[in-house]
Amino acid sequence: MANLRKREKVAVVLNCIIFIFTLFATIAMIIGFHFMGDIKVLSSRNFKAFKYFTVDSNVFAGLISLVFVIYKLCCPQKKTELPVPLYILKLAATTGVTLTMMVTVFFLAPRSTTTYFDYFKNSNLFMHLLTPLVCIISFIFFEPAENPKFPLSFTGLIPMVLYAFFYIPNVLLHLENGKVLGAYDWYGFLFAGLNTIWFVIPLLLVVTWIFALGLWALNRKFAKK
């Protein structure tokens, strides 16, 4: 840490926080530890929890944050800028948790059959809010790349695209009389019917890229200052 500049030290601390948040939230969900009441919204015990993009994107962000910390502590550089491969991973991870947070805030929580804030209790307090916010702050202000080109913004789609290869077949293989079963469309994206898949999936991809583009642009503007 002594060889790192102030901005890098802040980034290391923030990424340590991301990893700790992720580790705690993931373990708490897997073992069924509830510290804010017995709320089980978008939550599953054991490794069934990994069916959720929420969990997958947070774990991915936590692991990449650990890689970031190891890189900064073990490979001190004269330049503070991230190498392109690590920048791509950070952008993809941050985009993933940003999508998680935004979908929860503006789509899932408002449609809650209980209360809005049930989506921000127990492990989901970290996965839907705290961890994404720390990821966004760290990436935008403290993780500069040497010269991130515009095409790199499309790498933010990686987590969403990979998850779609699991989520879409999971829905299509569990239809009843041609209708989507809610138990397998747990995010409710196809609540208006199966035919909306041709609109919903492209929309999610566009929205995800917009988040990635925004993160890319804000990182270019603020991270080097």
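Higher on the page you've got the structure.
Residues numbered from 1 in each chain as written. Predicted model: local features only at pLDDT ≥ 70, side-chain atom pairs only at ≥ 80, totals over all residues. Heavy atoms only, no water.

Novice: Can you tell me about the pattern of salt bridges, naming the residues and giving the values?
Specialist: Evaluated as defined, the whole model comprises 3 salt bridges. Of the charged contacts in the structure, one is a salt bridge between E143 and K90, with a shortest N-O distance of 3.3 Å. In this pair, E143 sits in the loop between α4 (123-142) and α5 (158-172) while K90 sits in helix α3 (residues 84-108), placing the two residues 53 residues apart along the sequence. The closest approach of N and O atoms between D118 and K121, which form a salt bridge, is 3.3 Å. Given the relative accessible area of 25%, K121 is considered partly exposed. (Salt bridge = Lys/Arg side-chain N within 4 Å of Asp/Glu carboxyl O. Helix = DSSP H or I, 4+ residues; strand = E, 2+ residues; numbered from the N terminus. Buried < 20%, exposed > 50% of the residue type's maximum accessible area, 1.4 Å probe, protein only.)

Novice: How would you sum up the packing of aromatic side chains? Please name residues and give values.
Specialist: Using the criterion set out here, one finds 28 aromatic pairs in the structure. Ring centres 5.6 Å apart and planes at 45 degrees place the aromatic pair F24 and F35 in the tilted group. A residue pair is termed long-range when its members are at least 10 positions apart, and F24 in helix α1 (residues 6-31) and F35 in the loop between α1 and α2 (53-74) qualify at 11 residues. Look at F107 and F191: their rings are 6.3 Å apart centre to centre, the planes differ by 40 degrees, and that puts the pair in the tilted class. Highlighted residues: F107 in helix α3 and F191 in the loop between β2 (179-180) and α6 (197-222), separated in sequence by 84 residues. The partly exposed category is assigned to F107, whose relative accessible area is 22%. For F191, a relative accessible area of 56% gives the class exposed. Of the aromatic side chains, those joined through ring pairs into one cluster are Y52, F53, F107, Y163, F166, Y167, W186, Y187, F189 and F191. The ring of W186 has K51 sitting right over it, with the charged end atom 4.7 Å from the ring centre. Sitting over the face of the ring of F191, R111 holds its NZ or CZ atom 4.4 Å from the ring centroid. (Phe/Tyr/Trp six-rings, centres within 6.5 Å; stacked < 30°, edge-to-face > 60°. Lys NZ or Arg CZ within 6 Å of the ring centre and 35° of its normal.)

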